[in-house]
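Structure assessment
Here is how the chains run, residue by residue.
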Amino acid sequence: MSASTWSNWDGRQRCAPQAIERPRDVDELRGALDRARAAGRRVRVAGSGHSFTGLVVTDGTLISLERMNRVLAVDPTSGLVQVEAGITIGALNAALDRHGLAVENLGDIDRQSLAGATATGTHGTGTRLRNLSSQLREIELMTADGTLLTLDERSDPDGWRAARVSLGALGVVTSLTLQALPAYRLRGVDGPAPLEATLEQLDRLADAHDHFELYWFPYSRTALLRRNDRTDAAVTPRSRARAHLEDIVLVNHGLSAFSRLGRRHPSLIPSLNRLATRVAGSSDRVDVSHRIFVSPRLVRFTEMEYAIPRARAAEAIRAVRGEIERRRLPINFPIEVRFVAGDDALLSPAYGRDTCYIAVHVFDGMEYETYFGIVEEIMSGLDGRPHWGKRHRQTAASLAPRYPEWARFQAVRTRLDPEGRFANGEIERVLGPAGG
Ligand SMILES: Cc1cc2nc3c(=O)[nH]c(=O)nc-3n(C[C@H](O)[C@H](O)[C@H](O)COP(=O)(O)OP(=O)(O)OC[C@H]3O[C@@H](n4cnc5c(N)ncnc54)[C@H](O)[C@@H]3O)c2cc1C
């Protein structure tokens, strides 16, 4: 974010707001909201800009909480940790490390702000574990008139379940209290397996590991499996040079080289994908949990991800594969499959059901609409709900029937933001007008 413009991670969302505010505390934030109100401007809050959709884009006031990033309180006995909302997941992990604590489950990067990640239902993988927002215990939120609310399960059950996955449509989250766990280590085992045999036993495999994940490069007959399980084993030493070689040179630079070649010569993509699968290799290492969960993502892409009922996972993957191969789509990025347990945040894509997440990606600079449109149709036919931070073409009309508690969320939205101060075009597309 520059002094006067903002853009997101993949550079496809941009805006030039009338004002960008970077408050250091709740008083400065209240001042920023006063100024926006006096000028009749709408307000959006930016996290770290890692959403692919236009959630943050505004021509009104953009508020960044990057300076509100402190750890406010840590109780090592209960594991409750209160942080300012702008803290990044990486900074949170480092702070928890110092207190012998860790987050229960994480996604694959740590650059997001905690508030931004929870606001879109960001998740990791693990059939017994819910998304990141389910680990919250209390949320402080400032509404447009400067009122600071403390939301938790007891004081305001509906407000609480709405604010956990809020899309930033209710107000500015200023602090979050999270239930951390005693620090733990994971053994991460990556390796290939035949795709069809993997799909036949997908359910069993997903349950057999604390965190199971599957990647598949279109046109290959091999899947790449990632299995992370808790262990008491000692950390496997990995020098900086080795980590750089494995994570940066082989994974990121390798993927980048294959992707560039495929972008220039789409007819080579099936062969390149099979080759990428063969050279992906295997690894087996033990490390503190967040170092196993998180890895650097240097290759730019755009992404769509759908949450479908877990029982339909293999069927969905086979359908996507069938369409890619039948239409010979030039897709040179892997499909990623993860699992989470159902939860009760009103707008969580995993609301009320055990869920399989299927993500599709397209390399920087390549056309994505055709592929994403085809996958979106398949996922919609499976009662899919889109990840709020990733590309999709749903609207409030198509989303409302997919969320049993839609009306309850809208009632909270009308109560907390009656004037629609925290709206923009994207929010109106996916949630409808405020008060509507
Ligand atoms: C490389 C990459 C890897 C990713 N990996 C995963 C993954 O493993 N799992 C997964 O589920 N997702 C993943 N994502 C998606 C990402 O986690 C979400 O899009 C997340 O919302 C980004 O967080 P952010 O801090 O960048 O928020 P932003 O994208 O900046 O904002 C997201 C939303 O949060 C709102 N918001 C932010 N801060 C506040 C606040 N203080 N108060 C109120 N509203 C606020 C914004 O208004 C916006 O609506 C990935 C994205 C990228 C680019």
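Look above for the structure.
Residues numbered from 1 in each chain as written. Predicted model: local features only at pLDDT ≥ 70, side-chain atom pairs only at ≥ 80, totals over all residues. Heavy atoms only, no water.

Some words on the pairing of strand E6 (residues 71-75)
Note the following rule: Whether two strands pair comes down to DSSP finding at least two bridges between them. Numbered from the N terminus, helices here are DSSP runs of H or I no shorter than four residues, and strands are runs of E no shorter than two.
As paired elements, E6 and strand E7 (residues 80-84) share four bridges and run antiparallel to each other. From the neighbouring strand, Val74 faces E7, where its bridge partner is Val81. The antiparallel pairing of E6 with E7 creates a hairpin that spans four residues between the two strands, and Gly79 there sits at a positive phi of about 80°.

Things to note about the nonpolar core
Condition: Buried residues of nine kinds, namely Ala, Val, Leu, Ile, Met, Phe, Trp, Tyr and Cys, make up a nonpolar core once their side-chain atoms join them within 4.5 Å. Note on classification: 1.4 Å probe, protein chains only; a residue is buried when its accessible area is under 20% of the maximum for its type, exposed when over 50%, partly exposed between these limits. Residue ranges assigned to the domains are those given by an automatic or database domain assignment. In this description, contact between two residues means that some pair of their heavy atoms is separated by no more than 4.5 Å.
Residues Leu167, Leu347, Trp388 and Leu431 are the most contacted members of the largest nonpolar core, which totals 63 residues. Both domain 1 (71-182) and domain 2 (185-386) contribute no fewer than three residues apiece to this core. If we skip the residues at most four places from it in the chain, Trp388 touches Thr53, Leu55, Thr120, Val165, Leu167, Leu347, Pro349, Leu399, Tyr403, Trp406 and Val430.

Notes on the side chain of Glu405
As for its position among the elements, Glu405 is in the loop between helix H12 (396-399) and helix H13 (406-416). The exposure class assigned to Glu405 is buried, which follows from its relative accessible area of 14%. Among residues more than four places away in sequence, those in contact with Glu405 are Arg161, Leu346 and Tyr351.

Thoughts on the pattern of salt bridges
What counts, and what does not: Note on definitions: salt bridges are taken to be side-chain nitrogens of Lys or Arg within 4 Å of carboxyl oxygens of Asp or Glu.
By the definition in use, this model includes 37 salt bridges. Here Arg30 ties to Asp27 by a salt bridge, and the two come within 3.2 Å at their closest N and O atoms. Taken together, the positions of Arg30 and Asp27, both in helix H1 (residues 26-38) and three residues apart, correspond to about one turn of that helix. Ionic pairing is found between Arg326 and Glu323, a salt bridge with its closest N-O pair at 3.1 Å. On the criterion of helical spacing, the pair formed by Arg326 and Glu323 is a turn pair, its members being three residues apart in helix H10 (residues 313-327). The exposure class assigned to Arg326 is exposed, which follows from its relative accessible area of 59%. For Glu323, a relative accessible area of 18% corresponds to the buried category. Several salt bridges share partner residues, and in doing so they unite Asp108, Arg297, Glu303, Glu305, Glu336, Arg338 and Lys390 into one network.

Brief notes about the sheet that holds E7
Counted only if it meets this: Axes here refer to lines fitted to C-alpha atoms; in helices the fit is confined to the stretch in contact. Angles between the N-to-C directions go from 0 to 180 degrees.
Ordered by their spatial adjacency, five strands build an open sheet running E6-E7-E11-E9-E10, and the pairing between neighbours is antiparallel. Sheet topology places E6 and strand E10 (148-151) at the edges, where each strand pairs with a single neighbour. Neighbour-to-neighbour, the strand axes of this sheet turn through a mean angle of 10°, independent of strand direction. Note: E7 against strand E11 (residues 172-179), five bridges, orientation antiparallel. What sits directly across from Val83, in E11, is Leu176.

A closer look at the packing of H10 against helix H11 (residues 369-381)
This is how the line gets drawn: A crossing counts as left-handed when the near helix is turned anticlockwise from the far one by less than a right angle, and as right-handed when that turn is clockwise. We call Asp, Glu, Lys and Arg charged. Ala, Val, Leu, Ile, Met, Phe, Trp, Tyr, Cys and Pro are nonpolar, and the rest, Gly among them, are polar.
Direction vectors running N to C along H10 and H11 enclose 145°, while the axes themselves pass 10 Å from each other. When you trace H10 past H11, the crossing you get is right-handed. Across the interface between the two elements, Ala316, Ala319, Val320, Glu323, Ile324 and Arg327 from H10 touch Tyr371, Ile374, Val375, Ile378 and Met379 from H11. For the contact of H10 with H11, the per-class residue count stands at nine nonpolar, no polar and two charged.

Re the site of the ligand
Note the cut-off: Proximity is defined per residue: if any heavy atom of the residue lies within 4 Å of a molecule or strand, that residue is considered near it. Whenever a nitrogen or oxygen atom comes within 3.5 Å of another N or O atom, the pair is scored as a polar contact, on the condition that within protein one atom can donate a hydrogen and the other can accept it, and that pairs from neighbouring residues in sequence are kept only if both atoms are in side chains. Methods summary: accessible areas were calculated by the Shrake-Rupley approach with a probe of 1.4 Å, and residue burial reflects only the protein chains presented.
Of all residues adjacent to the ligand, which total 37 residues, the nearest are Val45, His50, Ser51, Asp108 and Ser113. In this structure, an oxygen atom belonging to the ligand sits 2.8 Å away from a main-chain N or O atom of Gly47. In the complex, the protein chains occlude 99% of the 980 Å² of accessible area that the ligand would expose alone. Contributions of two or more residues to the shell around the ligand are made by strand E4 (43-46), helix H3 (114-119) and E11. By residue number, the principal contributor to the shell around the ligand is H3, which donates four residues. Counting residues domain by domain, the shell around the ligand receives three or more from each of domain 1 (71-182) and domain 2 (185-386).

Topic: the sheet that holds strand E14 (residues 211-216)
Either a parallel or an antiparallel arrangement is found when strands of a sheet pair, and the pairing is made through backbone hydrogen bonds. In spatial order, the strands read E16-E13-E15-E14-E18-E19-E17-E20; together these eight strands make up an open sheet with antiparallel pairing. Each of the sheet's edge strands pairs with one partner strand only, and the pair in question is strand E16 (283-288) and strand E20 (385-386). Relative to strand E15 (residues 222-231), strand E13 (residues 185-194) runs antiparallel, the two being bridged by ten bridges. Looking at E15, one finds that Val189 is bridged to Arg227.

Brief notes about H11
Condition: Given a helix with a known number of residues, its expected span is that number minus one, times 1.5 Å.
With 13 residues, H11 should reach 18 Å at 1.5 Å per residue; the first-to-last C-alpha distance of 18 Å fits that figure. Along H11, the residues classified as buried are Tyr371, Phe372, Gly373, Ile374, Val375, Glu376, Ile378 and Met379. Buried residues along H11 sit in contact with strand E17 (301-309), H10, strand E18 (335-340) and strand E19 (355-363). Residue Asp383 follows H11 closely and has a positive phi angle near 60°.

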